[in-house]
Amino acid sequence: MESRNLEKAMEVFGALLIGEEISLGRGKNAVLYEAYNQNAQVAEIVDRMLSGLNLRLYEYNYSLYLTAGTQNKVFGYSNDELKRMMGLRLNRELYLCYYMIYCIMQHFYSDSATYTFAEYVRTEEVVTAVDMSLSNLIDHLQAYAASELEEKSFRAIAAAWDELPVVSNEETSGRAGRNSRVGYVKLVFNFLILQGLFMEAGEKYYPTDRFHGMVRCYFEQERGRLYSILSRAGQGGTGDEVFK
C-alpha cells in the first residue's frame, strides 16, 4: 500500500465525516472526488473505513454523500434524539413522521429505477398521499402484518393521523406543529431541510441532490419492513421481492 494513497484516502474520509462537499469539478474537494473514483486503492481504503464504522457512501450527480448505516448508535440518531429535534413527545408521533417521509419519497420514486419527474411537492399533496396510503394499508393490514404487535403499531399510526384536523382551529394557515396534519407535514419538512434533503420556496419543497442520492441508495440497498408491507399492499414495488 503506497503511503500517498493512504493519505489521500484519509483526506476523503475526513472530508466526508465533517460533511464537506466532494463533487466533480466543484469546490476545494474536487480532487478528492477524482481520487476516490479513479484510484481503486484509495476507494478500497475509504470503503473499508466506512464499513468498519457502519457508514454508507452513495453517489449522485457526480457528488459523494455519507449517511449512517442501520442501528448506527454513534453517527445516527436515536428515537429520543429525533423526537427532541422534531418537537415530538410520543413514539407513535415519530413513527407517523417516518410514514410521512416514506410517502414523500414515493412522490418522487417508487423504486430506484422509477422516477416520477416531479420537480417539487406541496404540503397538501403530502397530506393527500398519507391519507390514501394509510387507508389502503389498513384495508390490507391483517393479511400483510407479520405479527399482532406490528398490526397494532400500524393501526396506532393510522389512529394518530385520523385524530388530527387538516388545519387546527386556531390557525388560518398551517404551520409546523402537532395540532394538525398540515402542521405535522411541515414539522417533517423542517427536519428534512435541516438535514440538507429539501429546500423550500413559496410553499413548494424541492428535493436536493442529497435527497435523490439517499433515496436511490435506500431502494437499492436498504429498503426494510415498511417498504415490504407497502409493496405487498399495493403501494409500490412489485410485491415479490425479499426484503430485510
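Residues numbered from 1 in each chain as written. Predicted model: local features only at pLDDT ≥ 70, side-chain atom pairs only at ≥ 80, totals over all residues. Heavy atoms only, no water.

Bringing the overall build of the protein chain into the picture now. If you tally the helices and strands in the protein chain, you get ten helices and eight strands. Here the protein chain, with 244 residues, has 44% of them falling under the buried criterion. A separation of at least 24 residues holds for 52% of the contacts in the protein chain among residues at least 6 apart in sequence. Carbon together with sulfur atoms contributes 50% to the accessible area of the protein chain, which is approximately 13,100 Å² in total. (Helix = DSSP H or I, 4+ residues; strand = E, 2+ residues; numbered from the N terminus. Buried < 20%, exposed > 50% of the residue type's maximum accessible area, 1.4 Å probe, protein only. Contact = heavy atoms within 4.5 Å. Areas by Shrake-Rupley, 256 points an atom, 1.4 Å probe, with all protein chains shown as cover.)

Our focus in this paragraph is a nonpolar patch on the surface. On the surface, a nonpolar cluster with roughly 360 Å² of combined accessible area is contributed by Leu 17, Ile 18, Leu 53 and Phe 75. Residue placement: Leu 53 occurs in the loop between helix 3 (40–52) and strand 2 (55–60). You can call Leu 53 partly exposed: its relative accessible area is 36%. (Patch = residues over 30% accessible without salt bridge, like charges linked within 9 Å, V, L, I, M, F, W, Y side chains within 5 Å. Salt bridge = Lys/Arg side-chain N within 4 Å of Asp/Glu carboxyl O.)

This brings us to the environment of Thr 123. With respect to the helices, strands and loops of the structure, Thr 123 is situated in helix 6 (residues 123–144). Between the C-alpha atoms of Thr 123 and Gly 183, which are 60 residues apart in sequence, the distance is 9.2 Å. Contacts of Thr 123, omitting those with residues within four sequence positions, involve Val 182, Val 185, Lys 186 and Tyr 205.

Right, let's talk about the pattern of salt bridges for a bit. In a structure, side chains of opposite charge can pair up when their charged atoms sit close to one another. Considering all chains together, one arrives at eleven salt bridges under this definition. Residue Glu 11 pairs with Lys 8 through a salt bridge whose shortest N-O separation is 3.6 Å. Of the two residues, Glu 11 and Lys 8 are both situated in helix 1 (residues 3–17); the distance of three residues between them amounts to about one turn of the helix. The partner of Asp 80 in a salt bridge is Lys 83, and the shortest N-O contact between them spans 3.4 Å. Here Lys 83 and Asp 80 lie together in helix 4 (residues 79–86), a separation of three residues that amounts to about one turn. Overall, Asp 80 belongs to the partly exposed group, its relative accessible area being 46%. In the salt-bridge network here, residues are joined through shared partners; they are Asp 131, Asp 162 and Arg 181.

With 81% of its residues at a pLDDT of 70 or more, the protein chain shows a mean pLDDT of 83. Contacts from residues 235–244, a stretch scored under 50 in pLDDT, to residues over four places away or in other chains number 23 contacts. (pLDDT = per-residue confidence, 0-100.)

Another aspect to go through is the packing of helix 5 (residues 91–108) against helix 8 (residues 181–194). For the pair helix 5 and helix 8, interaxial distance at closest approach is 10 Å and the crossing angle is 75°. With respect to helix 8, the axis of helix 5 lies roughly perpendicular. Between helix 5 and helix 8, the residues in contact are Glu 93, Leu 96, Cys 97, Met 100, Ile 101 and Ile 104 and Tyr 184, Val 185, Val 188, Phe 189 and Leu 192, respectively. Grouping the constituent residues of the contact of helix 5 with helix 8 by class yields ten nonpolar, no polar and one charged. (Axes fitted to C-alpha atoms, helices over the stretch in contact; angles between N-to-C directions. Parallel < 35°, antiparallel > 145°, perpendicular 65-115°, else oblique. Nonpolar A, V, L, I, M, F, W, Y, C, P; charged D, E, K, R; others polar.)

Our next topic: the sheet that holds strand 1 (residues 22–23). The antiparallel open sheet is built from three strands, whose spatial order is 1-3-2. Edge positions in the open sheet fall to strand 1 and strand 2, since each of these has one partner strand only. Of the strand pairs in this sheet, strand 2 and strand 3 (residues 63–68) are connected by six bridges, and their pairing is antiparallel. Looking at the pairing, Glu 59 lines up with Leu 64 of strand 3. (Pairing = 2+ DSSP bridges.)

This paragraph deals with the packing of helix 2 (residues 30–38) against helix 3. Direction vectors running N to C along helix 2 and helix 3 enclose 95°, while the axes themselves pass 5 Å from each other. Taken as axis vectors, helix 2 and helix 3 run roughly perpendicular relative to one another. Every residue of helix 3 that contacts helix 2 at Ala 35, Tyr 36 and Gln 38 is listed here: Ala 40, Val 42, Ala 43, Val 46 and Asp 47. Residues of the contact of helix 2 with helix 3, tallied by class, amount to six nonpolar, one polar and one charged.

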